[in-house]
Amino acid sequence: MTLTQQVITIALVVLGTMLTRFLPFLIFTPGRPTPRYIQYIGKVLPPAVFGLLVVYCLKNVSLLAGSHGLPEAIAIAVVAALHLWKRQMLLSIAGGTVVYMLLVQLVF
Amino acid sequence: MNDTKKAALRAAFPYTIPILTGFLFLGVTYGVYMRSLGFSALYPIAMSLTVFAGSMEFVAGNLLLGAFDPLQALVLTLTINARHLFYGLSMLERYKGLGKIKPYLIFGLCDETFSVNCSAQIPQGVDRGWFYFFVTALDQIYWVTGASLGGLFGALLPINTQGLDFVMTAMFVVIFLENWLKEDDHISSLLGLGLSLLCLAVFGAEAFIIPSMAAILAAFTLLRGRLDREEAPA
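Just so it is clear, the structure is predicted and the values come from calculations on it, not from any experiment.

Caption draft 1: A look at the overall build of chain B. When you go through chain B residue by residue, the secondary structure sums to 12 helices and zero strands. Counting from the amino terminus, helix and strand elements in chain B follow one another as α-α-α-α-α-α-α-α-α-α-α-α. Its C-alpha atoms give chain B a radius of gyration of 19 Å, within 12% of the compact-globule value 17 Å for 234 residues. Expressed as lengths along the three principal axes of its C-alpha atoms, the size of chain B is roughly 55 × 50 × 35 Å. The 234 residues of chain B split such that 52% are buried.

Spelled out as C-alpha cells, the structure:
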C-alpha cells in the first residue's frame, strides 16, 4: 500500500468505529422523545452486555485443548470469592490477576 | 482546574486503576506488535489516538499489510465494533444534556469506559458529566501512553508479564458480579451470559458477537411485557 492508501484505510477504520459509537446518539436525539421501546432496551441492556463482555474476554479459551480453561476458571473463582468476601473492586481484580499470572507462568 | 473538575477527577481515578494496568500492558503489546509488522512507532501512536478501539487496532495493522480494499476495511470495522451500538443505547439517558463534552464521551466509548461509566456509583456532590469525562480521558491516555511506549521502547521490556492481560477479564467479571449483587432479578444478566455462551458454542470465537446481540435483542423484545415497567429510566 502507498501512504495515501494507508491513510484512507485508517480513515475508514476510524469512520466505521465512530459510526458504531455515534449512531444511537444520532438516531435518538435529545430534541425528540426517545421511543418507549428504545428506552426499555437501554434500561434492560447493561447487565446483559456485562455478561457478553465476560464471554468476549474468554472467547479464545479452549476447553478441549491446552490447559482446558482451568487457569481461567480458577482465577475467576478467586475474583468472585474475593469480591463476595471483601467487596473491594481493586482487591478482587488484582488478586485474580496475580493468581492467573502465577498459574500460567508456573503451573500450566 | 476548578474544584468541580478536581472532585470529579478524584472520584473517577480509582475506577480506572485496573484499566491503567490493563491498557498500559495491552497498549505496549500493541505498539510492539505494530513494530513487529514493520511499521514505525508513529502508526500505533496515530491509531491509538484516532481509532481507540483495541481489538480493531490489532486487526487494522494486518489490513495495512494486505491489498488496498477500503470497502473491506469499513465492513470489517463495522462487524468487529458492532457491540458499541449497545453501549450507545445503554448510555442514551446517562449522557443526555452533557453539552460540549458529550461528543468526546461518545468518541471514547470503548468496552472498559462503557462498563465503568455504566456501572459506577458516582458519589453525591460529584458532577456526573465530568466524572464520565475523566474516566473516558484517563482511559484513552493510558492506552495512547502504552501504545507509544510499546512502539518506541517495547523490545526492552524486562519482566515476565505473561497473563497480565487477564486484568481486563477480571474487571469485567467484577462489574458483572457487582451488578448481580445489586439487581432485583437476574434475567438480563443471565440472558447476556447464556445467549453469548450459546452463540459462542454455535458460531465460534470469530463470529459470535453479532448473533449474540441479535439473540439478546430478540429475547428482550419477547420479554418486554414482563420486564418493561413504567418507572423512569435509571
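More follows now that the structure is in view.
Caption draft 2: Spatial organisation of the interface of chain A and chain B. Between chain A and chain B, the residue contacts involve 67 residues of the former and 99 residues of the latter. Across the chain A to chain B interface the summed buried area is about 7,300 Å²; carbon plus sulfur atoms make up 76%. If you look at where chain A meets chain B, you find two salt bridges. Close ionic contact of E178(B) with R87(A) constitutes a salt bridge, the shortest N to O distance being 3.0 Å.

Caption draft 3: Examining helix α7 (residues 111-119) of chain B more closely. For α7(B), the tally of buried residues reaches eight of nine residues, placing the bulk of the element in the interior. Structurally, α7(B) contributes buried residues whose contacts are with α2 (36-57) of chain A together with α1 (3-36), α5 (84-91), α8 (128-153) and α9 (166-182) of chain B.

Caption draft 4: How the structure looks around helix α11 (residues 209-222) of chain B. Here α11(B) is 14 residues long and its end C-alpha atoms lie 20 Å apart, about the 20 Å a rise of 1.5 Å per residue gives. For α11(B), the full list of buried residues reads I209(B), P211(B), S212(B), M213(B), I216(B), A219(B) and F220(B). Elements that come into contact with the buried residues of α11(B) comprise α2 of chain A together with α5, α10 (187-203) and α12 (224-227) of chain B.

Caption draft 5: Highlighting the side chain of S92(A). Mapped onto the elements, S92(A) comes out in helix α4 (residues 89-107). Only 2.9 Å separates the side chain of S92(A) from the backbone oxygen of Q88(A), close enough to count as a polar contact.

Caption draft 6: Fine view of the packing of aromatic side chains. Applying the stated rule across the entire model yields 18 aromatic pairs over all chains. Their ring planes at 80 degrees and their centres at 5.1 Å tell us that W130(B) and F133(B) sit as a pair that is edge-to-face. With a gap of three residues between them, W130(B) and F133(B) both fall in helix α8, about one helical turn apart. Ring pairing ties together the aromatic residues F25(A), Y15(B), Y95(B), F131(B) and Y132(B), which thus form one cluster. Positioned over the ring face of W85(A) is K86(A), at 4.6 Å from the centre of the ring.

Caption draft 7: Seen up close, the state of the cysteines. Scanning all chains against the criterion turns up zero disulfides over all chains. C199(B) takes part in no disulfide bond, and the closest cysteine sulfur to it belongs to C57(A), at a distance of 17 Å. Judged by its relative accessible area of 7%, C199(B) is buried.

Caption draft 8: Seen up close, the pattern of salt bridges. Counted according to the given criterion, the structure contains five salt bridges over all chains. Linking K96(B) and E93(B) is a salt bridge whose minimum nitrogen-to-oxygen distance equals 3.4 Å. Classification of E93(B) as partly exposed rests on a relative accessible area of 26%. One salt bridge connects R224(B) with D228(B), and the closest N-O pair in it is separated by 3.0 Å. For R224(B), a relative accessible area of 26% gives the class partly exposed. Taken together, the shared-partner salt bridges connect R36(A), R224(B) and D228(B) into one network.

Caption draft 9: Just the domain arrangement of chain B, in detail. All names here are of chain B. For chain B, the domain assignment lists domain 1 (3-163) and domain 2 (183-227). Centre-to-centre separation of domain 1 and domain 2, based on C-alpha positions: 25 Å. Contact residues are listed per partner, giving five residues for domain 1 and five residues for domain 2. Both faces considered, domain 1 and domain 2 share a buried interface measuring about 430 Å² in area, 93% of it formed by carbon and sulfur atoms. Counting across the domain 1 and domain 2 interface gives zero salt bridges. Taken together, the links from domain 1 to domain 2 amount to zero residue pairs in polar contact (both at pLDDT 80 or more). Its residues placed into classes, the side of domain 1 that touches domain 2 shows three nonpolar, one polar and one charged.

Caption draft 10: Broad picture of the packing of helix α1 (residues 3-27) of chain A against α5(B). As a packed pair, α1(A) and α5(B) sit with axes 8 Å apart at the nearest point and diverge in direction by 30 degrees. Relative to α5(B), the element α1(A) is oriented roughly parallel. In this structure, α1(A) meets α5(B) at a crossing whose hand is right-handed. Contacts from T17(A), T20(A), R21(A), L23(A), P24(A) and F25(A) in α1(A) reach H84(B), L85(B), G88(B), L89(B) and M91(B) in α5(B). In the contact of α1(A) with α5(B), the residues fall into six nonpolar, four polar and one charged.

Caption draft 11: Geometry of a nonpolar patch on the surface. Residue and element names in this part refer to chain A. On the surface, L70, I74, V98, L102, L106, V107 and F108 cluster together to form a nonpolar patch covering roughly 670 Å² of accessible area. Among the elements of the structure, α3 (70-86) and α4 are those that each provide at least two residues to the nonpolar patch. With four residues, the top contributor of residues to the nonpolar patch is α4. Here V98 shows up in helix α4.

What counts and how
Residues numbered from 1 in each chain as written. Chains lettered and ligands numbered in written order. Predicted model: local features only at pLDDT ≥ 70, side-chain atom pairs only at ≥ 80, totals over all residues. Heavy atoms only, no water. Helix = DSSP H or I, 4+ residues; strand = E, 2+ residues; numbered from the N terminus. Rg over C-alpha atoms; globule rule 2.2 N^0.38 Å. Buried < 20%, exposed > 50% of the residue type's maximum accessible area, 1.4 Å probe, protein only. Contact = heavy atoms within 4.5 Å. Buried area = accessible area lost by both parts, 1.4 Å probe. Salt bridge = Lys/Arg side-chain N within 4 Å of Asp/Glu carboxyl O. Expected span 1.5 Å × (residues − 1). Polar contact = N/O pair within 3.5 Å; in protein donor to acceptor, adjacent residues only side chain to side chain. Phe/Tyr/Trp six-rings, centres within 6.5 Å; stacked < 30°, edge-to-face > 60°. Lys NZ or Arg CZ within 6 Å of the ring centre and 35° of its normal. Disulfide = S-S within 2.5 Å. Domains from an automatic or database assignment. Nonpolar A, V, L, I, M, F, W, Y, C, P; charged D, E, K, R; others polar. Axes fitted to C-alpha atoms, helices over the stretch in contact; angles between N-to-C directions. Parallel < 35°, antiparallel > 145°, perpendicular 65-115°, else oblique. Left-handed = near helix turned anticlockwise from the far one by under 90°. Patch = residues over 30% accessible without salt bridge, like charges linked within 9 Å, V, L, I, M, F, W, Y side chains within 5 Å. Areas by Shrake-Rupley, 256 points an atom, 1.4 Å probe, with all protein chains shown as cover.

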